[in-house]
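# Coordinates in review
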Amino acid sequence: MVTRRIFKTLLKMHNATNSPEEKLKLTAALTNFKQPKLIDKSIDLIRSDDVRMQDVAYWISYSFSNYLARDKTWKWLQDNWDWLRTNMGEDISFYRMPFYVARCYSSLDFLKEFEAFFTKNMSSGFDRPLKQAIETIQWQADWKRRDLEAMRKFFRDN
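From a predicted model like this one, the values you see are computed outputs, not experimental measurements.

Calculation criteria
- Residues numbered from 1 in each chain as written.
- Predicted model: local features only at pLDDT ≥ 70, side-chain atom pairs only at ≥ 80, totals over all residues.
- Heavy atoms only, no water.
- Salt bridge = Lys/Arg side-chain N within 4 Å of Asp/Glu carboxyl O.
- Helix = DSSP H or I, 4+ residues; strand = E, 2+ residues; numbered from the N terminus.
- Buried < 20%, exposed > 50% of the residue type's maximum accessible area, 1.4 Å probe, protein only.
- Axes fitted to C-alpha atoms, helices over the stretch in contact; angles between N-to-C directions.
- Contact = heavy atoms within 4.5 Å.
- Nonpolar A, V, L, I, M, F, W, Y, C, P; charged D, E, K, R; others polar.
- Phe/Tyr/Trp six-rings, centres within 6.5 Å; stacked < 30°, edge-to-face > 60°.
- Lys NZ or Arg CZ within 6 Å of the ring centre and 35° of its normal.
- pLDDT = per-residue confidence, 0-100.

Okay, the pattern of salt bridges next. Close approach of charged atoms allows side chains with opposite charge to pair. Within this structure, the stated rule accounts for ten salt bridges. Across the salt bridge formed by Asp-82 and Arg-85, the nearest N and O atoms sit 3.2 Å from each other. Here Asp-82 pairs with Arg-85, and both are found in helix α6 (residues 81–88), just three residues apart, close to one helical turn. A relative accessible area of 34% means that Arg-85 is categorised as partly exposed. Arg-145 is the partner of Asp-142 in a salt bridge, and the nearest nitrogen-oxygen pair spans 3.7 Å. Residue Asp-142 and its partner Arg-145 are located together in helix α10 (residues 127–157), separated by three residues, close to a single helical turn. Accessibility expressed as a relative area gives 33% for Asp-142, which makes it partly exposed. Connected through salt bridges with shared partners, the residues Glu-149, Arg-152 and Arg-156 form a single ionic network.

Spelled out as structure tokens, the structure:
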């Protein structure tokens, strides 16, 4: 399949370059596929030797930005939380994890699951990021409730 070849080519380019900027551009591409198997492969790469530890947060953030990958990324984050804490616990990007998750969700039902996970797994460094992330999900849910139908109508009519 063409998309698998493209994925392999992008990964080969990612692994061959020494340029941090190129690595991040290729990371964005590798985490933006629509095919479930390629989404899984991209998420599985996070803990591999192909991803430098300083780039893990980008892989996670970009994976959350892919609408089709966000639920799998959320599951991966929960399943790999101890690994993340061990390997990134002192890094500021680790404390941004609640925000990486929150910016992609606009459901008060999801908020309950989100709060339960981070409340159980947070340390004092997560106080502010967690509050900000909760507010983000709340205002996105409010916006969606208030304006979604008007936006749909606008795009249907234009």
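Once you've had a look at it, read on.
The interhelical angle for the contact between helix α4 (residues 56–65) and α6, taken along N-to-C directions, is 140 degrees, at an axis separation of 12 Å. Taking contact as the criterion, the partners of Val-56, Ala-57 and Ile-60 in α4 are, on α6, Trp-83, Leu-84 and Met-88. Tallied by class, residues from the contact of α4 with α6 come to six nonpolar, no polar and no charged.

The next thing to look at is the packing of aromatic side chains. Counted according to the given criterion, the structure contains 20 aromatic pairs. Centroid distance Trp-81 to Phe-117: 5.4 Å. Interplanar angle 85 degrees. Geometry classified as edge-to-face. In this pair, Trp-81 is assigned in helix α6 and Phe-117 in helix α9 (residues 108–121), connecting sequence segments 36 residues apart. Judged by centre distance (6.2 Å) and plane angle (40 degrees), the ring pair of Phe-118 and Phe-126 falls under tilted. Using a relative accessible area of 0% as the deciding quantity, one classes Phe-118 as buried. Here a set of aromatic residues connected by ring pairs shows up, and it is made of Trp-74, Trp-81, Phe-94, Tyr-95, Tyr-105, Phe-110, Phe-114, Phe-117, Phe-118 and Phe-126. Above the ring of Tyr-105, the side-chain terminus of Arg-70 is found at 4.6 Å from the ring centroid.

Turning our eyes to something else, we now look at the environment of Glu-21. Within the fold, Glu-21 resides in helix α2 (residues 20–30). The class of Glu-21 is exposed, set by a relative accessible area of 52%.

Now for the confidence of the model for the chain. When pLDDT is averaged along the chain, the result is 94; 99% of the residues meet or exceed 70. Per-element confidence in the chain is highest for helix α5 (residues 70–79), whose mean pLDDT is 98, and lowest for helix α7 (residues 92–95), whose mean pLDDT is 90.

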